[in-house]
Amino acid sequence: MLDPQRTIDELKALRDLTGDEHGAQRVAFTDTWLAARAFLKERLDELPVTQHLDAAGNWWATLPGESGRALLIGGHLDSVPNGGWLDGCLNILAGLEVLRRVSEQYAGRPPVTLKLVDWADEEGARFGRSLYGSSAASGHLNLDEVRALRDRDGVSLEDALKRVGITLADAPKAQGELKDAAAYLELHIEQGPVLEGLDLPLGAVLGTVGVERHTITFHGQAAHSGSTPMNVRRDAFLAAGRFGQAIYDIAARHGGVCTIGSVKTLPGIVTSVVETCELTLDQRHLDADNLAAMWQDAQDAATQFAQDAGCTVTFGSLWNIEPIPFHPMLIDAAEASILTVTPTAHRLPSGPLHDAAEVARAGVPTVMLFVQSLRGISHNRIEDTREDYIALSVQALDELTSRTMDWIARST
């Protein structure tokens, strides 16, 4: 009853419909994104499901069951500009195939209710705010913050939503969609090199890592580059350069990752010692204590390097989110499901954030499956996964769905 090849064919058809020679163009709230949703709706119309758009713009398809307790399978059709053919839409189209199998097996009336959700604007590519739709459903959307967001053309998020029939002020009403949710499953490409490095097709995801994002600004003194001896300079860039090397030691010591993503210098001219150097630091870890320790080590190192260079340093906060561990029983079920289709499974954290994190934050038992990404590359038109591995991922999601439905039915 399950046909993974149909999922592969539909992924290719969606690629042809919503991509070009540069990659996927399903940016949220654009005409191409609407075309992708019409593609999905056309296929859902063949099933005995009800469909609706919630107050935040998420699209839901519901297959009612004997129990009102619901198993949610989710993902996102939106992409980054010039994105890959699998990021986001694999989740949705694999979930569609599972919905077909469950509907056929149970003659349209499974033991528990099954819902497929396409979250709106997971990527945040247009307005810089990721997980818009799922955070509205989880209760973590701050309307005052997002109301001010604008895209590169000056269009506000509020106006972009209005254009597709969504009122931003009503978005928090989407929280009602999770009231009967008993579990949430999400399949995603890994977007990293771990599974490929292990030569494994699939992995069970332990959770999404916590993130700390800060600015670190070193303050020195501008001076003429020709007349100022090296030993008397107060060079803010010297402190920053030493700090840039130190974050690799910090990451290795705690088993996390640290990234300096941007550097700005003032006065920023070739004939002056750097007076001010501002860095952005992104730190990620699955363990909250280790994440806090990495940030403390970064502050200590920056303070020491500033002192050594005759400078001072200040710190600013950009954004943070706590680590989101997934449900232990569902992690076990995910691993067991993988082992039904391939001999070996691997457990790993997710470095990128996903809608699953917001659902888990809302208290819904959650887990994800990862399928290997070739070269570990995503958000790029060369993003790819072996087709036989895609087929295995659909089978594993289907098995996980059955196991989770049984778990919900037993606990209802």
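Everything that follows concerns the structure shown earlier in this document.
Being a predicted model, the structure only gives us computed values, none of them experimental.

It is worth spelling out the pattern of salt bridges at this point. Per the counting criterion, the structure on display carries 26 salt bridges. Here D45 makes a salt bridge to K41, at a shortest N to O gap of 3.3 Å. In this structure K41 comes out as partly exposed when scored by relative accessible area, which is 34%. The network of salt bridges with shared partners includes R6, E10, E42, R43, E97 and R100.

Mapped onto the secondary structure, N91 falls in helix α3 (residues 89–105). Polar side-chain contacts of N91 include one of 3.3 Å to the backbone oxygen of L187. When sequence neighbours within four positions are dropped, the list of residues in contact with N91 reads G74, G75, H76, L86, E186, L187 and H188.

An order of β10-β11-β9-β12 is seen for the four strands of this open sheet, with the pairing classed as antiparallel. Of all strands in the sheet, those bounded by a partner on one side alone are β10 (257–266) and β12 (312–321). For this sheet the average axis-to-axis angle between neighbouring strands, irrespective of direction, equals 15°. Here nine bridges tie strand β9 (residues 210–219) to β12, and the two strands are oriented antiparallel to one another. Counterpart to H219 in the pairing with β12 is T312.

In an α-helix, one turn spans 3.6 residues; hence positions three or four apart end up facing the same way. Across its twelve residues, helix α10 (residues 328–339) extends 17 Å between first and last C-alpha, which sits within 8% of the 16 Å expected from 1.5 Å per residue. Where α10 is concerned, the buried positions are L330, I331, A333, A334, S337 and I338. For α10, the angular spread of the buried residues around the axis is 160°, confining them to a single face. Residues of α10 that are buried make contact with β7 (181–189), β8 (202–208), β14 (346–350), β15 (366–371) and α12 (387–411).

Attention shifts here to the state of the cysteines. Under the defined criterion, the tally for this structure stands at zero disulfides. Lacking any disulfide linkage, C258 is separated from the closest cysteine sulfur, that of C277, by 17 Å. Here C258 falls in the buried class, since its relative accessible area comes to 10%. Free cysteine C277: the closest other cysteine sulfur is in C311, separated by 9.6 Å. In this structure C277 comes out as buried when scored by relative accessible area, which is 0%.

Now for the packing of aromatic side chains. This structure, assessed with the given rule, holds six aromatic pairs. Look at W60 and W119: their rings are 5.5 Å apart centre to centre, the planes differ by 80°, and that puts the pair in the edge-to-face class. Taken as a pair, W60 in strand β4 (residues 59–63) and W119 in the loop between β6 (112–118) and α4 (132–138) lie far apart in primary sequence, 59 residues in all. Given the relative accessible area of 0%, W119 is considered buried. Cluster of aromatic residues (ring-pair linked, three or more members): F29, W33 and Y132. Across from the ring centre of W85, 4.6 Å away, lies the NZ or CZ of R15, which sits over that ring. Sitting above the plane of the Y389 ring, R386 keeps its charged end 4.0 Å from the centroid.

Attention now goes to the nonpolar core. By size, the foremost hydrophobic cluster in this structure holds 98 residues, and its most contacted members are F29, L44 and Y132. In terms of residue count, the dominant contributor to this core is α12 (eleven residues). Excluding anything up to four places from it in sequence, L44 contacts V49, Q51, W59, A61, L96, L99 and L116. Formed by 26 residues, the second largest nonpolar core is a distinct cluster that contains L279, L291, C311 and V313.

With that out of the way, let us pick up the packing of helix α1 (residues 4–18) against α3. Where α1 meets α3, the axes come as close as 9 Å, and the angle between the chain directions of the two elements is 140°. As the angle between them shows, α1 and α3 are arranged oblique. The element α1 and its partner α3 pack so that their crossing is right-handed. Contact residues: R6, T7, E10, L11 and L14 in α1; C89, L90, L93, A94, L96, E97 and R100 in α3. For the contact of α1 with α3, the residue count by class is seven nonpolar, one polar and four charged.

One can expect most non-glycine residues to show negative phi and most peptide bonds to be in trans. Omega for the peptide link from L266 to P267 comes to 5°, which places this bond in the cis form. Looking at the element boundaries, P267 is found in the loop between β10 and β11 (276–285). Phi is positive for F29, close to 70°, though the residue is something other than glycine. Of note in this structure, A107 is not a glycine but carries a positive phi near 50°. Its place among the elements puts A107 in the loop between α3 and β6. On the basis of relative accessibility, which here comes to 72%, the residue A107 falls in the exposed class.

So, on to the environment of F39. By the secondary structure assignment, F39 is in helix α2 (residues 31–44). When neighbours within four sequence positions are excluded, F39 is seen to be in contact with E10, A13, L14, L17 and L93.

Basis of the calculations
- Residues numbered from 1 in each chain as written.
- Predicted model: local features only at pLDDT ≥ 70, side-chain atom pairs only at ≥ 80, totals over all residues.
- Heavy atoms only, no water.
- Salt bridge = Lys/Arg side-chain N within 4 Å of Asp/Glu carboxyl O.
- Buried < 20%, exposed > 50% of the residue type's maximum accessible area, 1.4 Å probe, protein only.
- Helix = DSSP H or I, 4+ residues; strand = E, 2+ residues; numbered from the N terminus.
- Polar contact = N/O pair within 3.5 Å; in protein donor to acceptor, adjacent residues only side chain to side chain.
- Contact = heavy atoms within 4.5 Å.
- Pairing = 2+ DSSP bridges.
- Axes fitted to C-alpha atoms, helices over the stretch in contact; angles between N-to-C directions.
- Expected span 1.5 Å × (residues − 1).
- Arc of directions from axis to C-beta.
- Disulfide = S-S within 2.5 Å.
- Phe/Tyr/Trp six-rings, centres within 6.5 Å; stacked < 30°, edge-to-face > 60°.
- Lys NZ or Arg CZ within 6 Å of the ring centre and 35° of its normal.
- Core = buried A, V, L, I, M, F, W, Y, C linked by side-chain atoms within 4.5 Å.
- Parallel < 35°, antiparallel > 145°, perpendicular 65-115°, else oblique.
- Left-handed = near helix turned anticlockwise from the far one by under 90°.
- Nonpolar A, V, L, I, M, F, W, Y, C, P; charged D, E, K, R; others polar.

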